[in-house]
Amino acid sequence: AAGVIQSPRHLIKEKRETATLKCYPIPRHDTVYWYQQGPGQDPQFLISFYEKMQSDKGSIPDRFSAQQFSDYHSELNMSSLELGDSALYFCASMSRGGTEAFFGQGTRLTVV
Amino acid sequence: GIQVEQSPPDLILQEGANSTLRCNFSDSVNNLQWFHQNPWGQLINLFYIPSGTKQNGRLSATTVATERYSLLYISSSQTTDSGVYFCAVFPNYGQNFVFGPGTRLSVLP
């Protein structure tokens, strides 16, 4: 069965650079969630999209932006990267009317 | 917002032992899921269990939604069970999943 695909799996950036993380949800899933997990922490909600519209926003820095495209894939754009942005970034997708979330394998971002 | 607690925070077992992990939540939920995060950081979906009991091999889970808790049972533990176990809930009046702080399990050979 198709799963949630995230790319890249690993990313190393320098401070003040920009990064773009991509998430491809399971086919026919119209809801996408983004989470950030710092070292030793539990995943924290960043932002979500339903039918290509932002549906909820968590503790996402102003330096980050995200969108969901017409094919339902989503991208998280991170600018002016800081050392503290080093983390695992997960996206999850959910079908319309569903309540079960399916998580991708995550992108490990390291800022040096 | 909803509060999610997990206990114990850390657990060390000998291979072959059984264990019970607990997740308490402070409000009504539409969904509860248990995840295992392996040493490589991958979140493995163990159970989708908003209520009732499910079993999958050596693992089983029970959620009593009316009493706002869920239990994850691991029997005959193996070293590959090591990692962090998270429960995540989707509140009835929320729009995203909230994770608990996790239980870090170490299974020794």
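You'll find the structure just up there.
Residues numbered from 1 in each chain as written. Chains lettered and ligands numbered in written order. Predicted model: local features only at pLDDT ≥ 70, side-chain atom pairs only at ≥ 80, totals over all residues. Heavy atoms only, no water.

Asks: Got a minute to help me understand the pattern of salt bridges in this structure?
Replies: Residue and element names in this part refer to chain A. Scanning the model with the defined rule gives seven salt bridges over all chains in all. For Arg-63, the salt bridge goes to Asp-85, with nearest N and O atoms at 2.9 Å. Of this pair, Arg-63 sits in the loop between strand S6 (53-57) and strand S7 (64-68) while Asp-85 is found in the loop between strand S8 (74-78) and strand S9 (87-95), placing the two residues 22 residues apart along the sequence. Classification of Asp-85 by relative accessible area gives buried; the value is 4%. Several salt bridges share partner residues, and in doing so they unite Asp-30, Glu-51, Lys-52 and Arg-96 into one network. (Salt bridge = Lys/Arg side-chain N within 4 Å of Asp/Glu carboxyl O. Helix = DSSP H or I, 4+ residues; strand = E, 2+ residues; numbered from the N terminus. Buried < 20%, exposed > 50% of the residue type's maximum accessible area, 1.4 Å probe, protein only.)

Asks: Would you take a moment to explain the side chain of Gln33(B) for this structure?
Replies: As for its placement among the helices and strands, Gln33(B) is situated in strand S4 (residues 29-37). Note on Gln33(B): relative accessible area 0%, which makes it buried. Of the polar contacts made by the side chain of Gln33(B), one reaches the side chain of Asn45(B); its length is 3.4 Å. In this structure, Gln33(B) is in contact with Thr99(A), Glu100(A), Ala101(A), Asn45(B), Phe47(B), Tyr48(B), Phe86(B), Cys87(B), Ala88(B) and Phe97(B), ignoring residues within four places of it in sequence. (Polar contact = N/O pair within 3.5 Å; in protein donor to acceptor, adjacent residues only side chain to side chain. Contact = heavy atoms within 4.5 Å.)

Asks: Looking at this structure, how should I read the pairing of strand S3 (residues 19-25) of chain B?
Replies: Within a regular strand, side chains alternate between the sheet's two faces. Residue and element names in this part refer to chain B. Of the two faces of S3, the one holding Ser-19, Leu-21, Cys-23 and Phe-25 is buried and the one holding Thr-20, Arg-22 and Asn-24 is not buried anywhere. Relative to S3, strand S1 (residues 4-7) is paired through four bridges, and the arrangement is antiparallel. Across the sheet, Glu-5 pairs through a bridge with Asn-24, a residue of S3. Pairing geometry for S3 and strand S8 (residues 69-74), over six bridges, is antiparallel. Bridge assignment links Thr-20 to a residue of S8, and that residue is Tyr-73. (Pairing = 2+ DSSP bridges.)

Asks: Help me understand the state of the cysteines, please; the structure alone is not making it clear to me.
Replies: Should the sulfur atoms of two cysteines be covalently bonded, the bond is a disulfide. Residues and elements named next belong to chain B. According to the stated counting rule, one finds two disulfides over all chains in the structure shown. The disulfide bridge from Cys-23 ends at Cys-87, spanning 2.0 Å between sulfur atoms. Here the disulfide of Cys-23 and Cys-87 is right-handed, its torsion about the S-S bond being about 65 degrees. Of this pair, Cys-23 sits in strand S3 while Cys-87 is found in strand S9 (residues 83-91), placing the two residues 64 residues apart along the sequence. Taking the relative accessible area as the measure of exposure, Cys-87 reaches 0% and is therefore buried. (Disulfide = S-S within 2.5 Å.)

Asks: What's the story with the layout of surface pockets in this structure? I'm lost.
Replies: Picture a little ball the size of a water molecule; that probe, rolled over the atoms, points out where space is still empty. There is about 390 Å³ of room inside the largest pocket. Those elements giving two or more residues to the lining of the largest pocket turn out to be S9 and strand S11 (107-111) of chain A together with S9 and strand S11 (103-108) of chain B. Considering every element that reaches the lining of the largest pocket, the biggest residue donor is S9(B), with three residues. Classifying every residue of the lining of the largest pocket gives nine nonpolar, twelve polar and four charged. Here the second largest pocket is characterised by a volume of approximately 280 Å³. What lines the second largest pocket is a set of 19 residues, and nearest its centre among them are Gly1(B), Ile2(B), Asn96(B), Phe97(B) and Val98(B). Looking at the lining of the second largest pocket, the elements that each hand over two or more residues are strand S5 (44-50) of chain A together with strand S10 (98-99) of chain B. Looking at the lining of the second largest pocket residue by residue, the class counts come to nine nonpolar, eight polar and two charged. (1 Å grid on protein atoms, 1.4 Å probe; cavity = no way out; pocket = protein on both sides within 12 Å on 5 of 7 lines; lining within 4 Å. Points joined across faces, edges and corners; volume = space filled by probe spheres on them. Nonpolar A, V, L, I, M, F, W, Y, C, P; charged D, E, K, R; others polar.)

Asks: Whenever I open this one, the sheet that holds S7(A) confuses me. Can you help?
Replies: The strands making up a sheet associate through backbone hydrogen bonding, with each pair oriented either parallel or antiparallel. All names here are of chain A. Overall, antiparallel pairing links the four strands, which are arranged S1-S3-S8-S7 in an open sheet. Each of the sheet's edge strands pairs with one partner strand only, and the pair in question is strand S1 (5-7) and S7. Direction aside, the axes of adjacent strands within the sheet are offset by 15 degrees on average. Pairing of S7 with S8, which is carried by five bridges, proceeds in the antiparallel orientation. By the bridge assignment for S8, Ser-65 is matched with Asn-77. (Axes fitted to C-alpha atoms, helices over the stretch in contact; angles between N-to-C directions.)

Asks: Just checking my understanding: could you explain the sheet that holds S3(B) for this structure?
Replies: All names here are of chain B. If you walk across this open sheet you meet the five strands as S1-S3-S8-S7-S6, and the pairing is antiparallel. Single-partner strands in this sheet number two, and they are S1 and strand S6 (52-56). Within this sheet the neighbouring strands show an average axis-to-axis angle of 15 degrees, counted without direction.

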